[in-house]
Amino acid sequence: MSDKQINPALLLAIMSDFSDRDVYVSVMKGVVAQINAQIRVVDLTHQIPPQNIAAARFCLLNAYPYFPVGTVYVAVVDPGVGSRRRAIAVEFAQGFLVGPDNGLFSGVLSQSPAISTVELTNPHYWRTPEPSKTFHGRDIFAPVGAHLASGIALKQLGQEIDSATLVQLDIGECHQTNSAVTGCIQYTDHFGNLISNIPGRYLQGKNWSVQVAGVMIPGCETYSDVRVGEVAAFVGSHGWVEIAINGGNACSHLQINWQDALQVLFVEKNQTA
């Protein structure tokens, strides 16, 4: 009986902190093509700041809903490469996650829990049974992803492990009261926009402002609701409360960054922020 399963997507999405300066990303794609040249490879991003697992977590969390069911996601932001950290593959409702067990999948799995998880202990599906100590993206994760996208069953890739033991990345929680929501910055994008961990659903039907770094920022709907150079707070396309400067860089201007605290304050309709 074949060890393959139906996987109609035949799509592999890859993400890393490798940038596009070196050949690392192209080498991973070459490994995928050696296994199955019919696999479509999509680059999520390779501009994750070096070793920034939290940024990788956020980007993957906000990308996966827009891909077909069955997509294989290979994510390689791996400061612990070559150490005793586990290499894993996870099946969830939308497809498969392949990469290091360091918390970068914890955002996705908080929304769509793991169905099954294996530690990648079967070298038959690696590029080589003696992988590099510093490039598991090439030697383990890319080939495993290619085999999964080609229909190899998850159980063939290694030893099943308890999904509850996967590493969780602590980015801080938001806390809601009747008058406010307290949270923190979870990501800074290319434009310097500051994205919080406060979901926009908390703000529906309310007047609100953001207090951060000693500044009060009135809530609005988009960048152009304020003049060029002014600070704006709104719910971004990703669904989180975001702080931006129209035509500028909020991160540099406000001098705040990842995990810095902020508050969304609810205001009465007859009050001003």
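Residues numbered from 1 in each chain as written. Predicted model: local features only at pLDDT ≥ 70, side-chain atom pairs only at ≥ 80, totals over all residues. Heavy atoms only, no water.

1. Examining the environment of H124
In step 1: Examined against the element boundaries, H124 turns out to sit in the loop between β6 (116-119) and α4 (136-149).
In step 2: Put simply, H124 and G158 are 34 residues apart on the chain and 9.7 Å apart in space, counted from C-alpha to C-alpha. (Helix = DSSP H or I, 4+ residues; strand = E, 2+ residues; numbered from the N terminus.)

2. So, the confidence of the model for the protein chain
In step 1: With 95% of its residues at a pLDDT of at least 70, the protein chain reaches an overall mean of 92.
In step 2: Scored below 50 in pLDDT, residues 4-8 shows 15 contacts in the model against residues more than four places distant or in partner chains. (pLDDT = per-residue confidence, 0-100. Contact = heavy atoms within 4.5 Å.)

3. As for the pairing of strand β3 (residues 71-76)
In step 1: Counted residue by residue, β3 has six buried out of six residues, so it is predominantly covered.
In step 2: Residue alternation in β3 divides its side chains into two sets, T71, Y73 and A75 and V72, V74 and V76, and both sets are buried.
In step 3: Both strand β1 (residues 11-16) and β3 contribute to a ladder of five bridges, which runs parallel. Across the sheet, residue A13 finds its bridge partner in β3, namely Y73. (Buried < 20%, exposed > 50% of the residue type's maximum accessible area, 1.4 Å probe, protein only. Pairing = 2+ DSSP bridges.)

4. Things to note about unusual backbone geometry
In step 1: The phi dihedral of Q51 is positive, around 65°, even though this residue is not glycine.
In step 2: Relative to the assigned elements, Q51 resides in the loop between β2 (40-45) and α2 (53-63).
In step 3: Of the residues examined, Q51 reaches a relative accessible area of 52% and is grouped as exposed.
In step 4: Even without being glycine, A213 reaches a positive phi, approximately 50°.
In step 5: Locating A213 in the fold gives a position in the loop between β11 (207-212) and β12 (215-218).
In step 6: In this structure A213 comes out as partly exposed when scored by relative accessible area, which is 47%.

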